[in-house]
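Read off the chains here:
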Amino acid sequence: LPDGAGPGPLLVLLLGPAGSGKSTAAAAWPEADVVTPGAVPGPAAWWPSPGATPLRELHALVTEVEGRLARGRTCVVDAALTEGADRARLLAVAERYGALPVALVMGTPLGLCLERNAARPPHRRLPGGTVRAQYARTRDAVPGLRAEGFARVEILHGGSAHG
Ligand code: ATP
Ligand code: MG
């Protein structure tokens, strides 16, 4: 991982479906650097659906990230951002504040994500089809992440930032 590379902060996006290990990987950073989906921990994110982030939630996320990057703080986003248009909003903020945008993609196999999801208590469990769709969208996005504007794209195997 780039470790405080360059003069500016990092904007780290953790990408992967529910159960892929985003929150586990996020624990490699100081808790204060991690932007999580609202105050209530729940499955996947604010938006468990694989589609575009609802506007209000996206706005809240972008505003939070912008406030942190404007102060030169590294920002680790733990949210299932499956849509390029949503990621583009954050990339624009990173560019505005000279933050280095990094994508860390959970390389966890779909079967393991599904297993973990199925093992969760019912209120934290998503429909299997949703996990599959999140997985497919993330996988399909990977080849284009550099073109989207990420300076570094890393695939994390074993779901660990140290793996
Ligand atoms: P969600 O999108 O639903 O928040 P997530 O991507 O944040 O999911 P985690 O909650 O980090 O996923 O991980 C899901 C489960 O898998 C957890 O029970 C966690 O303990 C386990 N897990 C994650 N990473 C690893 C790992 N590297 N090795 C073993 N177990 C792991
Ligand atoms: Mg999580």
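Looking at an unreviewed UniProt entry, one finds the chain named Kinase and attributed to Streptomyces griseomycini.

## Overview of the overall build of the chain
When helices and strands are counted, the chain shows six helices and five strands. Order of helices (α) and strands (β) in the chain, N terminus to C terminus: β-α-β-α-β-α-β-α-α-α-β. Counting all 163 residues of the chain, 37% fall into the buried class. Counted over contacts in the chain with a minimum sequence separation of 6, partners at least 24 positions apart contribute 83%.

## Points about the nonpolar core
Formed by 36 residues in total, the largest nonpolar core has its most connected members in Leu11, Val12, Leu13, Leu14, Val65, Val77 and Leu104. Put simply, the parts of the chain that give this core at least two residues each are strand 1 (10–15), helix 1 (22–26), helix 2 (55–70), strand 3 (75–78), helix 3 (84–96), strand 4 (100–106) and helix 5 (128–141). By residue number, the principal contributor to this core is strand 1, which donates six residues. Discounting residues that sit within four places of it in the chain, Val65 has contacts with Leu11, Val35, Cys75, Val77, Leu90 and Val93.

## Here's the deal with the environment of Ala94
Position of Ala94 among the secondary structure elements: in helix 3. Sequence spacing of Ala94 and Leu11 is 83 residues, and the spatial spacing of their C-alpha atoms is 6.6 Å. Apart from residues lying up to four places away in sequence, Ala94 is in contact with Leu11, Leu69, Ala99 and Pro101.

## Thoughts on the sheet that holds strand 3
Spatially, 2-3-1-4-5 is the arrangement adopted by the five strands of the open sheet, whose pairing is parallel. The open sheet has two edge strands, strand 2 (34–35) and strand 5 (152–156), and neither has a second partner. Pairing of strand 1 with strand 3, which is carried by four bridges, proceeds in the parallel orientation. Counted as the bridge partner of Leu14 is Asp78 from strand 3. Contacting strand 1, strand 2 and strand 3, helix 2 crosses the sheet at an angle of about 160 degrees to strand 3.

## Structural notes on the packing of helix 2 against helix 3
As a packed pair, helix 2 and helix 3 sit with axes 10 Å apart at the nearest point and diverge in direction by 20 degrees. As the angle between them shows, helix 2 and helix 3 are arranged roughly parallel. Where helix 2 crosses over helix 3, the two elements pack in a sense that is right-handed. Residues Leu58, Val62, Val65, Glu66 and Leu69 of helix 2 lie in contact with helix 3, whose contacting residues are Asp86, Arg89, Leu90, Val93 and Ala94. Grouping the constituent residues of the contact of helix 2 with helix 3 by class yields seven nonpolar, no polar and three charged.

## Overview of helix 2
If you check helix 2, its first and last C-alpha atoms are 22 Å apart, about what 16 residues at 1.5 Å a residue would give, namely 22 Å. Listing the buried residues of helix 2 in full gives Leu58, Leu61, Val65, Arg68 and Leu69. Around the axis of helix 2, the buried residues are gathered within 100 degrees of arc, so they sit on the same side. Facing away from the buried side of helix 2 by more than 90 degrees, the exposed set consists of Leu55, Arg56, His59 and Thr63. In the core, the buried residues of helix 2 are packed alongside strand 1, strand 2, strand 3 and helix 3.

## Structural notes on the packing of helix 4 (residues 110–119) against helix 5
Helix 5 packs onto helix 4 with a crossing angle of 145 degrees between their chain directions and a minimal axis gap of 10 Å. Handedness of the crossing formed by helix 4 with helix 5: right-handed. Contact with helix 4, carried on its side by Leu110, Cys113, Leu114 and Asn117, involves Gly128, Val131, Arg132 and Tyr135 of helix 5 and no other residues of that element. The residue makeup of the contact of helix 4 with helix 5, split by class, is five nonpolar, two polar and one charged.

Calculation rules
- Residues numbered from 1 in each chain as written.
- Chains lettered and ligands numbered in written order.
- Predicted model: local features only at pLDDT ≥ 70, side-chain atom pairs only at ≥ 80, totals over all residues.
- Helix = DSSP H or I, 4+ residues; strand = E, 2+ residues; numbered from the N terminus.
- Buried ≥ 20, exposed ≤ 12 C-beta atoms within 10 Å, placed from the backbone.
- Contact = placed C-beta atoms within 7 Å.
- Core = buried A, V, L, I, M, F, W, Y, C linked by C-beta atoms within 7 Å.
- Pairing = 2+ DSSP bridges.
- Axes fitted to C-alpha atoms, helices over the stretch in contact; angles between N-to-C directions.
- Parallel < 35°, antiparallel > 145°, perpendicular 65-115°, else oblique.
- Left-handed = near helix turned anticlockwise from the far one by under 90°.
- Nonpolar A, V, L, I, M, F, W, Y, C, P; charged D, E, K, R; others polar.
- Expected span 1.5 Å × (residues − 1).
- Arc of directions from axis to C-beta.

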